Amino acid sequence: MNYTELSLPGVWLVEPQRFGDARGYFMESFKKEEFQAHVGPVEFVQDNESFSSRGVLRGLHFQKGDDSQAKLVRVSRGKVLDVVVDLRGGSPTFGRHVAVELTADNGLQLFMPRGMAHGFVVLSDVAQFQYKVDNRYAPESEATLRFDDPALGIDWRLPHDELLLSPKDLVGLPLSEIDPF
């Protein structure tokens, strides 16, 4: 696998090697020793999956404090624009984001450490999205950063009227109301 640290310290693009032939391909999507040699110690405790249609925007979600989660995300069907926003206290990149297109075809994965808000929008007809987390889901600590906050300047690549969001995601907090953690 190839590991590239992106413009937010601790956020890594992971590119697995695929070995293909007429039957299809094989790839290792996660190898603990290799992952930790590049990224550092992370103990994933749960794998999650979502399935969504075009225009669904999930995020920008995060859990605060000790309940914060590191994530390793990938797409096994379709195409999404995956976005990570730095909310770490004292970080020189606080409030900045990175956006990466993850597809079933490119096989790319994105790792984000604790202290980040995360979201994605589905750009294909449907998308199947998998992610590993290193901490339990804690509803009492969850929050949502407003996806269309002008302070973030995120280009979601779809017109606003084509986006489908949950009621919770429609009322996310602006960056100005987020306490770094």
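Above this text is the structure in question.
A.B. asks: Would you take a moment to explain the sheet that holds strand 11 (residues 116–122) for this structure?
C.D. replies: Neighbouring strands of a sheet are bound in pairs by backbone hydrogen bonds; such pairs are parallel or else antiparallel. Strand order across the open sheet formed by five strands is 9-8-11-6-13, with antiparallel pairing between neighbours. The sheet is open, and its two edges are formed by strand 9 (97–103) and strand 13 (142–144), each paired on a single side. For this sheet the average axis-to-axis angle between neighbouring strands, irrespective of direction, equals 25 degrees. Pairing of strand 8 (residues 79–86) with strand 9, which is carried by seven bridges, proceeds in the antiparallel orientation. Within strand 9, the position partnered with Val-85 by the bridge is His-97.

A.B. asks: Explanation requested: the nonpolar core in the structure shown.
C.D. replies: If you look at soluble globular proteins, the nonpolar side chains tend to sit buried side by side. In this structure, Leu-60, Val-85, Leu-87, Val-121, Leu-145 and Trp-156 are the most contacted members of the largest nonpolar core, which totals 21 residues. For this core, the secondary structure elements donating two or more residues are strand 6 (57–63), strand 8 and strand 11. If we ignore the near neighbours within four places in the chain, the residues touching Val-85 are Leu-60, Gly-95, Arg-96, His-97, Gly-115, Met-116, Ala-117, Leu-145, Leu-152 and Ile-154. Listed in part, the 19 residues of the second largest apolar core include Met-112, Met-116, Val-122 and Phe-129.

A.B. asks: What am I meant to see in the pairing of strand 1 (residues 2–5) here?
C.D. replies: Looking down a regular strand, the side chains alternate between one sheet face and the other. The sheet contact formed by strand 1 and strand 2 (residues 12–15) spans four bridges and is antiparallel. Paired with Tyr-3 across the two strands is Val-14, which belongs to strand 2. Counted along the chain from strand 1 to the antiparallel partner strand 2, the turn is six residues long, and its residue Gly-10 has a positive phi close to 90 degrees.

Thresholds, definitions, all that
- Residues numbered from 1 in each chain as written.
- Predicted model: local features only at pLDDT ≥ 70, side-chain atom pairs only at ≥ 80, totals over all residues.
- Heavy atoms only, no water.
- Pairing = 2+ DSSP bridges.
- Helix = DSSP H or I, 4+ residues; strand = E, 2+ residues; numbered from the N terminus.
- Axes fitted to C-alpha atoms, helices over the stretch in contact; angles between N-to-C directions.
- Core = buried A, V, L, I, M, F, W, Y, C linked by side-chain atoms within 4.5 Å.
- Buried < 20%, exposed > 50% of the residue type's maximum accessible area, 1.4 Å probe, protein only.
- Contact = heavy atoms within 4.5 Å.

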